[in-house]
Each structure stands twice: as C-alpha cells, then as structure tokens.
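The chain contents come next:
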Amino acid sequence: MKEGTSLTSTSRFNISSVTILHLFYPQLGAQCKDQDTDPGLSIMSRSIQSLRNHKPSLFSSTIPSLSTPFSTQQIHSRSISTHLPTHSLNSSTSPFNTPTPPNNTYSQKTSLLSNHPNKSHITRSFQNSQSQNPTSARRNHSTSTVNPSEIAHFARLSSEWWDEKGEFGLLHRMNPIRIEYIRQKIQSSQYHHPFTSLSSEHNQQQQQFPSEHNKDLHTSPNQSTQRTQSQPLESEECEEEWTFSTRHQMKEENPGYWLSGKKILDVGCGGGLLSESLTRLGGDVLGIDASEKNIIMAKLHAQDGLFNLLSSDTSPHDIQYTGAERKGMKGNLEYKCMTAEKLRDQGKKFDLVVSMEVLEHVDQPEEFLKCLGDMVKPGGHLILSTISRTPLSRFLTITMAESILGLVSKGTHTWNKFIRPEELKRFVHSDMGGHSIWQLNSDSSDIQTDQVGSTQGMLYNPLIGKWVLMQGVEGTFSKKWNQGCNYLFHARKRREPVYENIEGHVVETVYGRF
Amino acid sequence: MPEVSPDDTYDIVIIGGSNAGLALACALLTKPSIRATSKILLLEGGSMNKTRIWNGEGPWENRVSSITAENKSWLESIGAWQHIKHSRICPVEEMIVWANPSPSSTPTLHFPPLGHPMAYMTENQNLQTALLHRILSLDPDSSTLKIQESSKVTSMSLSSSGQSVFLQLTPSKSTTVPSSSSSSAVAHNTSSEINPNNERTIRAGLVIGADGPNSPVRKFSNIETYGHPYSTHAIVCTLHHPSSPYLNTTAFQRFLPSGPIAFLPLSATSSTLVWYNPPSITSSLKSLSSETFTTMINFAFSLPETTLNRIYQLLSSSPPSTANLTEQINEILNSVPLDTQTDQTLPPRIESISQESIGSFPIKMSHADSYLGQRTVLVGDAAHTIHPLAGQGLNMGLADVRSLSNTLEIARSLGGDIGSWTNLKDYPKERYGENHLLLSATDKLNWVFKSRGKVIDGIRGIGLELLNEIEPIKKLFMSGAGAYPIYTQTSESFIGGLKGRGMRGTGKGKMEMLADGLESWWKVKDNLGLVSGMMRDVASTGLKKAAEVVEKR
Ligand SMILES: Cc1cc2nc3c(=O)[nH]c(=O)nc-3n(C[C@H](O)[C@H](O)[C@H](O)COP(=O)(O)OP(=O)(O)OC[C@H]3O[C@@H](n4cnc5c(N)ncnc54)[C@H](O)[C@@H]3O)c2cc1C
C-alpha cells in the first residue's frame, strides 16, 4: 500500500491511506438454507452479510499485493496500522481504522482462482490502480485470455451469484427498491414541481426588473441569472403541469424505457444485477468492477437469457437487449474490468452515475466520491447506497452478527468505516463543489445549508420479505432512525455551476428561493 | 441447446387461451411498461374460432359463471367489460341458500340485496369473446401480443443458465378448422405461418400456465398438487320458465343429501342449473326424459328430503331400464303434491329444459403446492380447482390474473427480470392464502352439508343458522365471494399495494371483523358443545389470512 500518497489535505475525512480489509462475514448460506423461513433476526444478519459479500471485488480491491497466494490465516494476521483520523465528524470512533477481519467467504472464493493466469489482475488492489499506478490497470481487458474450463468455473460462480434464493437473495430483493429510488429521483426532476413552478414565476418577475448585479455572473449572480441558466433548461423537460386534479393522471414518461437515451455508469457492478435492470429500462449502461471475476460473471449472465451478445468474439462488451431493440429503443450494456479512477482519467461523463453498496468498502471514500462526482455530466445525477455508522448498524452488524449469533469473529470493527448520511452530504458540500455544482433539493432539507443532496433510509422488513424505502422529513427523529443502517443518496449536478458571491455564500439558497 | 431465432423469442408465453389466459393477455396489454417493452405469445391448444365469431345470439351456453361485482369492475377498468354482450348477462341481486335436513328445520342463509348486484351471471363464451375483442382493440397490429391457436405445447425445458425456457410446440390434431369468413376482423391477429406438420421450438423468459386443471405447465414444472376428487359430477343445463312479476335476479341453492342444486338466473325466462350428484346418479338423471328431468328439477327444490331420498335410491340402484326408471319416479312424484311443503321462497317453476345444453363435469378440489416454478407461473384452474358451489373458480382465476399482471408491471417498470423468482414472489404471496381460504372453506362447507347422519345433520343445520347469525362471518363469506365492487375506474392506486378485498362500507376493518367473527364463533361453539372440524379449519385458515393481512400492512 502506498501510504500517504492519496492523502488529500482538504478532505473532510482527512485520513491517510488506510489498508483495511473490509469485514468479511463467513457464509451464512450453509447455516440457514431457507431464508424464507428464517426468523427475523437471522434474516437481518443475513442481510448484513449479503451486503458484505456481494462486493467481493471491492473487498479484494482493498487487499494489497494479493498476487501471492494467501490464506485466511494470512489475511487475518495482517494487522494493519493506520493513521488515526485527525478529524472525525461527530463520532468519537474513527470511521477508518479497524483491525483486519478474517474473511472465510472471499478467501475461499478467491483461492478458487489461484490458478488463474491473470491472478494478479483479479486481485489487483482498487487502491493501487486508483491513483499512483495508472499503468497497472492497463492489462485490464483480459477476458479473452480466460480458457474454456475457467469459463465453466465462472459460469458456476455466476449461477451462484444469481441464485435468488441463495446467498445473495437479499441483494436481489434490494434491487427493485434501488431502481425505484432512481426512478423517483430521475423522474421527479422531469416534472413541474409546485415549488419550481413558483420559483419560475418568481423568476419572471425578476427578469422584468433586472438588477445590475445580473450582469456580473461571476461575482454576484443573483437569482435571475442563475435561473436563466438552469430553470429554462429544466422546464424543457417538463411534460405536464402539476395541478391538483391532474396529479394522479401524470403519465409516466416513456413507460418501461424511462432510462432510454441516458448514459449510465454502474461502479462496482458485481454480477450485473443493477446493470441489467438499467439496461432493460433502455439505459446505455457501462458496468465497471475492479474484479475481473465479477466482470466475467456479469458477461456470462448477460449473454444468456434474453440479453443477446450481438458482436461475438471481437467485441465481447456490447450486449443489447432484444426486447428493447424491438421497440426501437436500444438499451446497451457493456462491462469493463477497470477502476472508476481510470475511467475518470479517460474523461468519461455520464447522465447517471450509480454505485450501490460500494462506498462502505472503499479505502478512500473521499477520492472515490470525488471521482464519481467528476464523471457526472452537468444536469446529471449521482446516486449511491451505503451503510450508516449508527448504534443500529452496529447492533446489526457487530452485536448480532458477531457477538450474539457468532457469525463473524469478534473485534472486526468495520463499522467504523461506515459513513453517515450527514457526513456524506457535508463532504459533497465541502469537497465536491457544494451548491455551486450541485442542485438544491427543493424541499425543507435545503435548510441544512452545509449539506448537498438528499438521503433516504432503506430497511429490510423480514415479514414481507422486502426492502422498504423509508420516508421522513429531514431533521426528524424518524428520519434519523430509518436511515440508521442502509441508505441511499442522491444529488443532481447543476447544468452550469453557480459561483459564490462576495460574501462567500452560494447564491441559491433556501432563503432565496421562497 | 436448441437454436431459436429472435423472432421466436418472447418475454412472456401464456399457455391457454381460455378465461384466465385471455384475461391475462388483456390485462398485460393495459400495463404501460409491459406493453412498451414485452413481446408476448398467447398459445391455445384448441381453435378459437368460436370465441372469435360468437355474437351473443343463439341458445345459451351451458358454461355459465357468476362474475363477482369486484371482478366486473376490474374487467371494466381494463376495458373488457365494455365488450360484453349485455343482453346476455344477468345481475344477481339476492342469494338464498338453504337446507332442509329435517321437516321441522329449514336453516337458510339469505344474502339480501346490497343496492348493487353482487354478481353477474355470464356465459364463459361471452367473457372470452369480450376479452378477445378488447385484446384486438388494444393491440390491433399484434405488435405486442401474438395469438397462436391450435397449437399445443408438448415439452418444456430450462436453458442451462436458467434464464429462459424452451418450449416445443406441436400443431393440434384438430387443426383443420376452416377460417370462417365472419372472423376476418380477428383472423389477422393469429399467426398461421407455421407449417402444421412441423414441430417448432420457441424461447420464453417467462411461461405462464393458464392451461386449466390438467395444466401441462404445472407438470413440466414438477409442481405437485394437493386435493381430492369429490366423486361428484355437476350436471349443467339451461332452464326455461315463464317470466314472473318478480325480477329473475335471485340465485337459489339448496343443499341436498347428495350435493347442492343451484338455480342461477340468466334472463327473465331462462336460468341455468348446476346440480351436483355422485357420478352414477348423474348418469341416471341424464338418461331421464326431458319432461321427467324437468319435473325432477322442480321437485329437487321443493320436496322434503325424505321423499327425495326415495327417488335417489331409485336413481342410484337402477341404472338399467330408463323407461322403467322414469315410470317409477313419476309414480313417486305423482303421489306428492308439488306445492304443499314449505314456506321457503323457491325459484320459479321450470317449464322445460334445453336438452342440447345438458352437460356434466367431474368436480375436484386441488391446489398446486406452489404457483411458481422455474420461470413458470400458474394462474386460474391450473393453480387451483374448487367446488363450484360457491361460484368462485373463475373469479379466483381473474383475481390471480389481476395480481399477477400488477406484479409483472411493477417488476418491469423497475427493469426487473420478470421471470425471476424475486420479481414474481409477490403474486403467490398475494393469492395463495386467499385462494386457500376459499378452497378449504368451500370444501368444508360441501362436506358438512352433504354428509349424512344425525350429528352431521345437527351441525349442518346449525352451520347455516350460525352463518346467518354471525354477521361478520357472513360478511367475510360475502367479501371472499367478491360481492363488493372494489375496482373503480379511478382506483389505479390499488396497483401494487393494497389488495382489493377490503370491507367497503362496513365500518369495521377486516381484522376487527374477523376477530369478531372468531370470538362469537367460539362462544356459540362452546355453548353448543360442538366440536366441528369444519369451522375450526375455516377459522385457522382465517387466522392465516389474518396473519397475511398484518404482513401486508
Ligand atoms: C359446472 C361448473 C360450474 C362453474 N361455475 C362457476 C361459477 O359460477 N363461477 C366461477 O367463478 N367459476 C365457475 N366454475 C369454474 C370455472 O369454469 C373455471 O374456474 C374456469 O373456467 C377456469 O378457467 P381457466 O382459463 O383457468 O382454465 P380452462 O378454462 O380450463 O382453460 C385452459 C385452456 O388451456 C388450453 N390448454 C390446455 N393444455 C394446453 C396445451 N398443452 N397447449 C396449449 N393450450 C392448452 C385449453 O385448450 C384451454 O383452452 C365452474 C366450473 C364448473 C365445472
């Protein structure tokens, strides 16, 4: 690990590079086969466990120099010291220093790969390739070097990963709600909102009486200038006027293909669960993952089913969904084994950047987040999901899984690595351009002027066997509680940046708006 | 793995183009996401010519079902009810169910008028034709839905990665149905490009078995069923009677020792009969002359059981000489005055029957162990067959269709793989318990009311009386029977969320009602010292249902 090299002095987290193995829970699958009949608690712990397990790529990415075969024991004994964070937001515990937990699951899986010719690629550290060693990521496209017997092996892994009743069942169940969240965020931005309608009226009045300040965009853009940049563009997308009587009749635009025409990046795509769904919805999707194993699994899966591999050997990346193509709206799916950083360095931009259940596994969330932010096109969306650092999540991941159920060995405080919603939102505010780059939420949460974007909790309800998207008003106890474990984050980039005025305040604030 | 061209690849293949299959196809076409994205094939083993050309004229069909108010309003919401031939449906405003275990006792269950019809008697053909026409108006150029008739699925296999199903299709033997000229409006929708001599393989992301009680899809999916035959056959036929000053909108059902007999209104002067008997009696009855059978039906509603038993003995003991049998029966019948017996409200006196409409069907109760296989789903009679005495079979199928189509739409609007278990599991979750409750309640009801013996007689009489006494149980029965229209045009909000089985208009919630019902039931039961497996079963299934309701909240 290259210590210190990735340190960003401005980071809210202000942590030097850490070499922490993420918590790996042993496979619970063997212990509770039928998760449908599991009592609630074990389901919850399974949920946690699945979340851990479903991103083996990113786990592996945090393991330095795995080009040598390793065993659980070795990993376990690799006690890694880290710098204590100099800044921790509102917790006495550091989010980022933990001893190294063992990982039965992944080490088993990885050891299956130990004869892989490109083993070093598979186990390449996310971090290594991320910043210091761009060349190390060069040998990424090695799918073609996989031989047939390995394909069979990967097919088996893939079917394991895609087994909905198996180990990753909870992840499969989480998928619909993640897409629902994306839908809400993307589609709500396409309608007249009562508040935006108000403000555009307001806007017109302003334009009738332009103030002198308008002329100087950079030093003191007032509301009207900044609106002329963003609002008119936004209203182009508006299909229907919101009224009380028509509010239920607003048709979903482009049903079934509401992502068509959108360029989407899925960072940490794993076996491709989310990517495939986004593609079916018409999206032009690129799924990336640092683990070659995952990419092969994802490709194998997409090739069968109703996804068609159109161009065969020459370009194994382009996959089209036949149903979508038939209706004249082509969804595209492409998988690449690479890191987000490398993609960013290629200058790629997307309408939507999603990264689900990844943030809690990366070693340098600050770099990672910035990188994702960079790849969002103006007007585009950034959507993440992760786990908060709360007593609830500690209870579920540590107390239940480790101490009570004994599912993981004690002393694995990966919990410290989790990021709280408000920390995330503050980070986007302080380090990712704040409100000059990202839009306000147009709701009461804008009162938190030091936070960018919105978050929503996601809880697994074992009774109905479903994840539920939790509602709640920012600042209330229920909101705080219901995003205490898994939560989603959304922020939308402005079409054009808005610059700060002389007082150092971002111009468009909740006060300016109403 | 067979090579299948993209043309032969479908997102959804529906097997069975009868009630459930057509309703599902129609429902899916009204779902925006499914419609925009999916390619659907409806496969029917037989010919659909009759469905295509049926115009609401001619004699009444003998397959008639009561469509509950709830399902009627749902059919309206998908635009299918508008295609129903309204001259051929009959509202049911009132329902009278009774038994007469002893001369002194006539326990009666009366469902009084609700202010709106509780159900509509509809020929299955009428419904199917309406659904087909709605399908054609929704998708005139078959861009989403293709109909393939006279083609049977003969085998199915899962692809190696489990992401699709290969189906082997063979043209049915009776495939030479001349395309009728009057069917031109519909004919273009059916694909006839297959070579009838050739088998062909198609591929589907999801196979839906709407293929009836002997469901091949269920067999290919290795789904076992639970249940038992009733050793009962139902005779159906069309009855004619003079119009009476009362509207013919009341359904009558009497529980006879051998099984129920039902009189269901079709029009002012026509009604349909469903009469359940052991197979031997059924065949004897069918062999009677038209006149004797007519008299028999009239007596079956009015005679005391003791007299009827004598006839039954005749019917079951002497299959051989029909003429003799008729004679003997007439002898008994002549010895009793027809309209002395009872103050029971009776159906209109029947004058004649349509001989050609007489048909009989074996009745069995069965429930598939699961509605989901690997990339297969069961709906309608493929998933469950129920004793028709409560008129729920087709209605359960429509409720299945409603639930499944919503489930698929939600999954598809979120980009899900609609054949995957995760995306389908809401459907059985919504339907299995509900169906099971109806199946077992109907089963027990049938058992209790047809069994003989003193104890059973007691329970039987009390059973009906109790049902009448205990308002909540009755209401549960009624709401289970879908008598309340839940779907209105604006109730799209039901999609995906609440189920349309609430107790509209009764101040109490479902749970409360159920609790009331159970409580008063146990009270009465204690008082009478009855240990009746029947109601305990109903109650425990009810509890299961209650648990389900709680889950859904
Ligand atoms: C006497 C009687 C009275 C009834 N009364 C009522 C009532 O009042 N109310 C009520 O709700 N219900 C009633 N029912 C029940 C009702 O009729 C059935 O529930 C309903 O018809 C079932 O419809 P379905 O579409 O599920 O199955 P079916 O009508 O059995 O349709 C199955 C279809 O699948 C096709 N098929 C089968 N195998 C294949 C194959 N291999 N390939 C292609 N196609 C295939 C068949 O050709 C058929 O068209 C009654 C039933 C009976 C017997």
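Only a predicted model underlies this, so the values are computations on that prediction, with no experimental measurement involved. (Residues numbered from 1 in each chain as written. Chains lettered and ligands numbered in written order. Predicted model: local features only at pLDDT ≥ 70, side-chain atom pairs only at ≥ 80, totals over all residues. Heavy atoms only, no water.)

Draft legend 1. Just the interface of chain A and chain B, in detail. Taken residue by residue, the interface counts 30 residues in chain A and 32 residues in chain B. Across the contact surface, chain A and chain B share one salt bridge. Asp426 of chain B serves as the salt-bridge partner of Lys466 of chain A, at 2.5 Å between the closest nitrogen and oxygen. At the boundary of chain A and chain B, one finds eleven residue pairs in polar contact (both at pLDDT 80 or more). At the level of elements, helix 8 (169-188), helix 11 (273-280) and helix 13 (322-326) of chain A are the ones that each hand at least two residues to the side of chain A that touches chain B. Broken down by class, the residue content of the side of chain A that touches chain B amounts to ten nonpolar, eight polar and twelve charged. (Contact = heavy atoms within 4.5 Å. Salt bridge = Lys/Arg side-chain N within 4 Å of Asp/Glu carboxyl O. Polar contact = N/O pair within 3.5 Å; in protein donor to acceptor, adjacent residues only side chain to side chain. Helix = DSSP H or I, 4+ residues; strand = E, 2+ residues; numbered from the N terminus. Nonpolar A, V, L, I, M, F, W, Y, C, P; charged D, E, K, R; others polar.)

Draft legend 2. Highlighting unusual backbone geometry. Residue and element names in this part refer to chain B. With phi around 55°, Ser142 is a residue other than glycine that occupies positive phi space. As for its placement among the helices and strands, Ser142 is situated in the loop between helix 5 (124-138) and strand 8 (145-148). Despite not being glycine, Ser231 shows a phi value in the positive range, around 45°. Position of Ser231 among the secondary structure elements: in strand 12 (residues 225-240).

Draft legend 3. Highlighting the pairing of strand 9 (residues 466-469) of chain A. Burial along strand 9 of chain A is one-sided: Trp467 and Leu469 of chain A are buried, and none of Lys466 and Val468 of chain A, which face the opposite way, are. With antiparallel pairing between neighbouring strands as the criterion, strand 8 (residues 454-461) of chain A and strand 9 of chain A make up a hairpin whose turn holds four residues, including Gly465 of chain A at a positive phi of roughly 65°. (Buried < 20%, exposed > 50% of the residue type's maximum accessible area, 1.4 Å probe, protein only. Pairing = 2+ DSSP bridges.)

Draft legend 4. Molecular detail of the nonpolar core. Residue and element names in this part refer to chain B. With 69 residues, the main nonpolar core has Ile12, Ile14, Leu75, Leu167, Ile208, Leu404 and Leu408 as its most contacted residues. A total of nine residues in this core trace back to one element, the largest contributor, which is helix 1 (residues 19-29). Ignoring anything within four residues of it in the chain, the contact list for Leu404 reads Leu24, Ile208, Val377, Val379, Leu424 and Tyr427. Core analysis: the second largest hydrophobic core is formed by 33 residues, Leu273, Trp275, Ile311 and Ile353 among them. (Core = buried A, V, L, I, M, F, W, Y, C linked by side-chain atoms within 4.5 Å.)

Draft legend 5. Main features of the pattern of salt bridges. In total, this model carries 19 salt bridges over all chains according to the counting rule given. As a salt-bridge pair, Glu276 of chain A and Arg280 of chain A come within 3.4 Å of each other at their nearest N and O atoms. Of this pair, Glu276 of chain A and Arg280 of chain A are both found in helix 11, four residues apart, which corresponds to roughly one turn of the helix. Across the pair, exposure class does not vary: Glu276 of chain A and Arg280 of chain A are buried alike. Residues Lys72 of chain B and Glu76 of chain B are paired through a salt bridge, measuring 3.1 Å at the closest nitrogen-oxygen approach.

Draft legend 6. Local environment of helix 15 (residues 365-374) of chain A. Burial analysis of helix 15 of chain A places nine of its ten residues in the buried class, which makes it a mostly covered element. Pro365, Glu366, Glu367, Phe368, Leu369, Lys370, Cys371, Leu372 and Gly373 of chain A are the residues of helix 15 of chain A that are buried.

Draft legend 7. Structural detail: the confidence of the model for chain B. Residue and element names in this part refer to chain B. Per-residue confidence for chain B averages 79 on the pLDDT scale, and 73% of its residues sit at or above 70. Every residue in residues 175-194 scores below 50 in pLDDT, and together they form 34 contacts with partners more than four places removed in sequence or on other chains. Of the regions scoring below 50 in pLDDT, residues 486-543 engages in 90 contacts with residues more than four places distant in sequence or in other chains. Confidence metrics for the complex model read pTM 0.75 and ipTM 0.78. (pLDDT = per-residue confidence, 0-100.)

Draft legend 8. Quick look at the environment of Tyr120 of chain B. Residues and elements named next belong to chain B. Mapped onto the elements of the fold, Tyr120 is located in strand 7 (residues 119-123). Judged by its relative accessible area of 11%, Tyr120 falls in the buried class. The spacing of Tyr120 and Leu404 is 284 residues in sequence and 23 Å in space, taken between C-alpha atoms. Leave out the neighbours within four places in its chain, and Tyr120 touches Ser65, Ser66, Ile67, Lys72, Trp81, Ile89, Cys90 and Pro91.

Draft legend 9. Focus on the site of the ligand. Residue and element names in this part refer to chain B. Close to the ligand lie 31 residues; Ser18, Asn19, Glu44, Asp381 and Leu394 are nearest. Within the backbone of Gly391, a nitrogen or oxygen atom sits 3.1 Å from a nitrogen atom of the ligand. In this structure, Gly393 approaches the ligand through a main-chain N or O atom, which is 3.4 Å from a nitrogen atom. When isolated, the ligand has an accessible area of 1000 Å², and the protein chains bury 85% of it. Elements represented by at least two residues in the shell around the ligand include exactly helix 1, strand 3 (64-68), strand 9 (151-158), strand 12 and helix 12 (393-413). Here the shell around the ligand is built from residues that sort into twelve nonpolar, 14 polar and five charged. (Near = heavy atom within 4 Å. Areas by Shrake-Rupley, 256 points an atom, 1.4 Å probe, with all protein chains shown as cover.)

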